Amino acid sequence: MYRYDEFDHQLVQERVAQFRRQIERRMSGELNEDQFKPLRLMNGLYLQLHAYMLRVNVPYGCLSSRQMRQLAHIARKYDRGYGHFTTRQNIQYNWVKLEDTADILADLAAVEMNAMQSSGNCVRNITADHYAGRARDEIQDPRVWCELLRQYSILNPEFSYLPRKFKIAVTGAPKDRAAVALHDIGLRMFLNDAGEPGFEVIVGGGQGRTPVIGKTIREWIEPEHVISYVEAILRIYNLYGRRDNIYKARIKILVKALGIDKYRELVEAEWLQIRDGALKIAPEERARIDAYFQPPTYESLTEQGAELDELGRADPAFGAWLRSNVADHKVVGYALVNISLKAPGKIPGDLSAQKMDAVADLADEFGWGELRVNHRQNLVLPDVRQSDLYSLWQALAKLELATANIGLVSDMIACPGLDFCALADARSIPVAQDIGLHFANSDKLQHVGNLTINISGCVNACGHHHVGNIGILGVDKRGKEFFQLTLGGSSDERASLGDRVGPGLPQSEVPDAIERIVDTYLEIREGEDESFLDTYRRCGMDVFREAVYGPEGPAKRVTPTRQVA
Amino acid sequence: MSTLIKDKKLIEDPFIRIGVDDAIPAKGAVLVPLTTWQDHWEKLLRRGEPVGVWLKSDEHPEIIADDLDNLQLIALEFPTFRDGRGYSYARLVRERYGFEGELRAIGDVLLEQLHYMERVGFNAFEVDSKDALADLAIADRDFSVWYQPSADDRASSAQLRTELKRNG
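Calculation criteria
- Per chain, the residues get numbers from 1 upward, laid out in the order the sequence is written.
- Think of it this way: whatever chain is written first is A, whatever ligand is written first is 1, and the rest follow in order.
- Thresholds applied to this predicted model are a pLDDT of at least 70 for local features of residues and 80 or more for the giving and counting of side-chain atom pairs; totals over whole chains, interfaces and linings are not thresholded and use all residues.
- The secondary structure listing takes helices from DSSP runs of H or I that are at least 4 residues long and strands from runs of E that are at least 2 residues long, numbered from the N terminus.
- Put simply, the radius of gyration uses C-alpha atoms, and a globule should come to 2.2 Å times the residue count raised to 0.38.
- Think of it as a crowd count around each C-beta: if 20 or more other C-beta atoms lie within 10 Å the residue is buried, if 12 or fewer it is exposed, and in between it is partly exposed, with C-beta placed from the backbone throughout.
- Contact between residues is assigned whenever the C-beta positions, reconstructed from backbone atoms, fall within 7 Å.
- Where each domain begins and ends is defined by an automated method or by a domain database.
- Residue classes follow a fixed rule: Ala, Val, Leu, Ile, Met, Phe, Trp, Tyr, Cys and Pro count as nonpolar, while Asp, Glu, Lys and Arg count as charged, and any other residue, Gly among them, counts as polar.
- A pair of strands is labelled paired if DSSP reports no fewer than 2 bridges between them.
- Think of each axis as a best-fit line through the C-alpha atoms, taken over the contacting stretch in the case of a helix, with angles from 0 to 180 degrees between the N-to-C directions.
- Any angle between 65 and 115 degrees counts as roughly perpendicular, while under 35 counts as roughly parallel, over 145 as roughly antiparallel, and the rest as oblique.
- Handedness of a crossing follows from how the near helix is turned relative to the far one, being left-handed for an anticlockwise turn of less than a right angle and right-handed for a clockwise one.

Helix and strand counts for chain B come out as 5 helices and 8 strands. Helices and strands in chain B line up, N terminus first, as β-β-β-β-α-β-β-α-β-α-β-α-α. For chain B, whose C-alpha radius of gyration is 17 Å, the value lies close to the compact-globule estimate of 15 Å for 168 residues. Its C-alpha atoms put chain B at 60 × 35 × 25 Å along the principal axes. Each of the 168 residues in chain B was classed as buried or not, and the buried ones make up 40%. For chain B, long-range pairs separated by at least 24 residues make up 46% of all intrachain contacts whose partners lie at least 6 apart in sequence.

A separate point is the overall build of chain A. Looking only at helices and strands, chain A has 18 helices and 20 strands in total. In summary, chain A has a C-alpha radius of gyration of 23 Å against a globular reference of 24 Å for 565 residues, a match within 12%. Projected onto its principal axes, the C-alpha coordinates of chain A cover approximately 80 × 65 × 55 Å. Counting the 565 residues in chain A, one finds 54% classified as buried. When contacts within chain A are restricted to residue pairs at least 6 apart in sequence, long-range pairs at least 24 apart make up 67% of them.

What follows deals with the domain arrangement of chain A. Its domain assignment divides chain A into domain 1 (6–110), domain 2 (134–291), domain 3 (305–398) and domain 4 (413–549). A breakdown of the residues in the side of domain 1 of chain A that touches domain 4 of chain A according to their chemical character gives 1 nonpolar, 4 polar and no charged.

Another aspect to go through is unusual backbone geometry. Residue and element names in this part refer to chain A. Although it is not a glycine, L155 sits at a positive phi angle of roughly 55°. Backbone geometry places H464, a non-glycine residue, at a positive phi of 55°. Summarising the element assignment, H464 is placed in the loop between β17 (453–456) and β18 (470–477).

Residue and element names in this part refer to chain A. The buried fraction of strand β12 (residues 334–339) is high, at 6 of 6 residues. Every second residue of β12 is oriented toward a common face, with Y334, L336 and N338 on one face and A335, V337 and I339 on the other, all of them buried. Sheet analysis places strand β11 (residues 326–328) next to β12, joined by 3 bridges and oriented antiparallel. Within β12, the position partnered with A327 by the bridge is L336. Hairpin connection from β11 to β12: 5 residues lie between these consecutive antiparallel strands, with G333 at a positive phi of about 90°. Here 5 bridges tie β12 to strand β15 (residues 379–385), and the two strands are oriented antiparallel to one another. Along β15, the bridge assignment pairs I339 with L379.

This part is about the interface of chain A and chain B. Put simply, an interface is often sized by how much accessible area is lost when its parts join up. Of the residues lining the interface, 29 residues belong to chain A; the matching set on chain B comes to 27 residues. Here the side of chain A that touches chain B is composed, by residue class, of 13 nonpolar, 9 polar and 7 charged.

All names here are of chain A. With mixed pairing, the 5 strands of this open sheet are ordered in space as β16-β17-β18-β19-β20. Strand pairing shows two members of the sheet lacking a second neighbour, β16 (413–414) and β20 (499–500), which therefore form its edges. As defined by bridge partners, β17 adjoins β18 across 4 bridges and the pair is classed as parallel. Across the sheet, I455 pairs through a bridge with I472, a residue of β18.

Next up on the list: the packing of helix α16 (residues 510–524) of chain A against helix α18 (residues 542–549) of chain A. Residue and element names in this part refer to chain A. The interhelical angle for the contact between α16 and α18, taken along N-to-C directions, is 140°, at an axis separation of 8 Å. By the angle class used here, α16 and α18 are oblique. When you trace α16 past α18, the crossing you get is right-handed. Contacts between α16 and α18 involve A513, R516, I517, T520 and I524 on the former and, on the latter, V543, F544, A547 and V548. Grouping the amino acids of the contact of α16 with α18 by side-chain chemistry returns 7 nonpolar, 1 polar and 1 charged.

Residue and element names in this part refer to chain A. For R143, the location among the structural elements is in helix α5 (residues 143–153). You can call R143 buried: it has 26 C-beta atoms within 10 Å. Between the C-alpha atoms of R143 and T171, which are 28 residues apart in sequence, the distance is 8.7 Å.

This is how it looks when you write it as structure tokens:
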């Protein structure tokens, strides 16, 4: 993992002192709320429905056990004993006090963490493949580029007042686990014809009210130029992005308005001016950062496939967990283990301080003290010996953290919704809880296979409903909450946006509607290898719409008869 | 009451601010809007007095990039502190067009933005503050390390790291 050196430490401590001063100026009235708001947002502090919320960066999803213990400490000392992991690979505390925040940031700084730019109209936390450096299909560990981008973007004097927020995601593997096509900038590594690694640069993707799959602005760029290319994209956006309407201010709107070809022309012309300047990544700086991401000293082990299969047959619950929660590791005899934060009936992404500590202990016992947060609000232990999987599973089961549902129906993304968020129209958490309880049967989950459900409590789409295989969008209709379903969304290397099924359903009808969609899929799929998404792409909407609304289709809206006075 | 800081000192503004419809005075340094410069640049230069141009946030300084040798001051307007175009303009004015005269931030210029403004190349600020010099001192104290190279001469942390390594 990256470790702060004296410069990083100095900068983070100075930032904490600065924010402490800014809070004092706010308290004394020297700053009004309008002036203070962007400052607190750029330190991760939101004002939600009931309290302040602090969003803490987990840079590209990497955490040490020591950091996880500090997150637990913060949850206990300053919050209500838990935290919430987000789709940006971050953690949020929902109940902090303004006057405590500088102390929280100081506690974070002590373990090389911060909340800088986790909100605000600036470059946000860089996200990445949560299997980075460990995935079997990976070309190169993307984290060196993530860290270089992190440093480039933090307190960037030119780009701290962008038209709107700006999100960058990086993957080093052909299988896209980082949803790069749905970011303002997505970087996808691949080998060119000469066998050299470089990045495809995707721009203008995003969700929200206007979901867009990003477009390729450059087919291939040498990694040493990646920062200068990002700067060119940012500069053109900063100069020409709309500032008159926050709903039209994201880069996707600018790219759409200009067209990708014109946008590319502007960026390329800008880039030519700066490509060989100070942002070109010097080999020594790359090597310095690369050194932090060197893999641990693995033992020479053998694959345990047969032994694990046998254990799985003897203990089917372990077998189910093995199939859904354990992924291939690039090193023989090791495995990537996903810890689901989606136990039936629980709030997706929430974790208590006690469990944070326990998970940190497991990261030490079953690895090198490293953890990952993934963008589906789960955790990953990146270096588990296959021969330890059974005992790890037993330890997780004791903590109620062995839910075997990664990538399955009940592994839902859900935004905080109207239970917390000032923007929300509907409560997404209860819907997630209902679905979790409805699909608690592990056999059925496994039988259905990979199927993502993403739930947002409003059109801002923090729950990524546009790219769920099944998306659920909460809307407010005349004071009542309804939930619209979409089908066919995906955020991977074949990204697509979901299609709307029909009018919204009341919350009580959502789980059954999902069940009917799932059962229809099971009936019509061409074998177990055809995923829900593939079946939808083959068969289209009609059969599923009928499953939801019946052969007559959705009920016609009843127009109240006008009363004649 | 707004005050002017230039090169970290409080100064009286030697430039007379001219509005779009104002006549150009016979004597004295003037700061004129873009249209006045475009329409009357010959007249302005013949006066033999310093000339500055102020640009609104939707006026790209590229428009006057070829005129910079004739100008003593460029003022970039921040209509609201949230409008960050001026930061990019400032870097271009300094780094790409090579302007070495006074680069002044005007409009909604607040203490909390001064540090970034200095880093992108501004050396003068029109600040609405009781004690603008104290504000600037606070902004200057905030940070002693920077991740990015910018338009000022402060070394980035990467450059400092490399230096440290070379010097053992």
